[in-house]
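Architecture and fold: a report
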Number of protein chains: 2
Amino acid sequence: MVGLLDYFRSAAGAQKGSASVAKERLQILVAHDRAARGRPSYLPKLEQEILAVIRKYVEVDTDAVSVTYEQEESHEILELNIVLPESSARS
Amino acid sequence: MVGLLDYFRSAAGAQKGSASVAKERLQILVAHDRAARGRPSYLPKLEQEILAVIRKYVEVDTDAVSVTYEQEESHEILELNIVLPESSARS
């Protein structure tokens, strides 16, 4: 999975100028390459715990979170997309 | 940042067959598009908290974690790459 950071960087760069109103967003990806299969996944549990950690720092509406979870034979991916409200930082 | 999941998927697919010994890996990416600049970042703090959450589910050696943090004007990205030991699941 080398090169993911480059991909992220270019995707962020490509968005410049495309939106006149910048929204504050947070995107979290967790990818698990599983050598041992058939074991129950902990990623769905991680999802709630990661959200709880993020809520310590910024306000997150439940409506503002979109979650994608994908499980295949050898890997699984959890994706969280969060649109943050303006002035979302906790003091 | 649409399409990141597709990228992840193809990268994972491309690795099939390239390694005879599959290692168990966990990769976490946190990307923050910042509308309001100049505010202190909480991503470095998130890093430790996310690791603490993951350690509830799997054993993680400090040596096995590689961290990349990149901050630019309008976005910042935190990347954690973790190589999990065999039989890493906590009972």
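Residues numbered from 1 in each chain as written. Chains lettered and ligands numbered in written order. Predicted model: local features only at pLDDT ≥ 70, side-chain atom pairs only at ≥ 80, totals over all residues. Heavy atoms only, no water.

Quick look at the sheet that holds strand S2 (residues 65-71) of chain B now. Taken in spatial order, the six strands of this open sheet run S2(A)-S3(A)-S1(A)-S1(B)-S3(B)-S2(B), and their pairing is antiparallel. Each of the sheet's edge strands pairs with one partner strand only, and the pair in question is strand S2 (65-71) of chain A together with S2 of chain B. Averaged over all adjacent pairs, the angle separating strand axes in this sheet is 5°, with direction ignored. Alignment of strand S1 (residues 24-33) of chain A against strand S3 (residues 75-84) of chain A, held across ten bridges, turns out to be antiparallel. Bridging across to S3 of chain A, alanine 31 of chain A finds its partner in isoleucine 77 of chain A. Where helix H2 (residues 43-54) of chain A meets the sheet, its contacts fall on S1, S2 and S3 of chain A together with strand S1 (24-33) of chain B, and the angle it forms with S3 of chain A comes to roughly 25°. (Pairing = 2+ DSSP bridges. Helix = DSSP H or I, 4+ residues; strand = E, 2+ residues; numbered from the N terminus. Axes fitted to C-alpha atoms, helices over the stretch in contact; angles between N-to-C directions. Contact = heavy atoms within 4.5 Å.)

Below, the discussion takes up the pattern of salt bridges. Counted according to the given criterion, the structure contains two salt bridges over all chains. For glutamate 49 of chain A, the salt bridge identified is with lysine 56 of chain B, shortest N-O distance 2.6 Å. Taken together, the positions of glutamate 49 of chain A in helix H2 and lysine 56 of chain B in the loop between helix H2 (43-55) and S2 put the pair across two chains. A residue is classified by how much of its surface remains accessible, and glutamate 49 of chain A, at 18% relative accessible area, is buried. (Salt bridge = Lys/Arg side-chain N within 4 Å of Asp/Glu carboxyl O. Buried < 20%, exposed > 50% of the residue type's maximum accessible area, 1.4 Å probe, protein only.)

What follows concerns the environment of aspartate 63 of chain B. Residue and element names in this part refer to chain B. When you line up the elements, aspartate 63 lands in the loop between H2 and S2. Under the relative-accessibility criterion, aspartate 63 is labelled exposed at 79%. Spatially, the C-alpha atom of aspartate 63 lies 9.1 Å from that of valine 83, the residues being 20 residues apart in sequence.

Right, let's get into the packing of H2 of chain A against H2 of chain B. The description of two helices packed together rests on the angle between their axes and the distance between the axes. Where H2 of chain A meets H2 of chain B, the axes come as close as 10 Å, and the angle between the chain directions of the two elements is 150°. Overall, the two elements H2 of chain A and H2 of chain B adopt an arrangement that is roughly antiparallel. Crossing hand, H2 of chain A versus H2 of chain B: right-handed. Residues Leu46, Glu49, Val53 and Ile54 of chain A of H2 of chain A lie in contact with H2 of chain B, whose contacting residues are Leu46, Glu49, Val53 and Ile54 of chain B. For the contact of H2 of chain A with H2 of chain B, the residue count by class is six nonpolar, no polar and two charged. (Parallel < 35°, antiparallel > 145°, perpendicular 65-115°, else oblique. Left-handed = near helix turned anticlockwise from the far one by under 90°. Nonpolar A, V, L, I, M, F, W, Y, C, P; charged D, E, K, R; others polar.)

Turning our attention to the confidence of the model for chain A. Averaged over every residue, the pLDDT of chain A is 78; residues scoring 70 or more account for 66%. Note that residues 16-20 of chain A has pLDDT below 50 and, in this model, one contact with residues that lie over four places away or in other chains. (pLDDT = per-residue confidence, 0-100.)

Taking 1.5 Å of rise per residue, the twelve residues of H2 of chain A would be expected to cover 16 Å, and the 16 Å separating its terminal C-alpha atoms lies within 8% of that figure. Buried within H2 of chain A we find Leu43, Leu46, Glu47, Glu49, Ile50, Leu51, Val53 and Ile54 of chain A. Elements in contact with the buried residues of H2 of chain A: S1, S2 and S3 of chain A together with S1 and H2 of chain B. (Expected span 1.5 Å × (residues − 1).)

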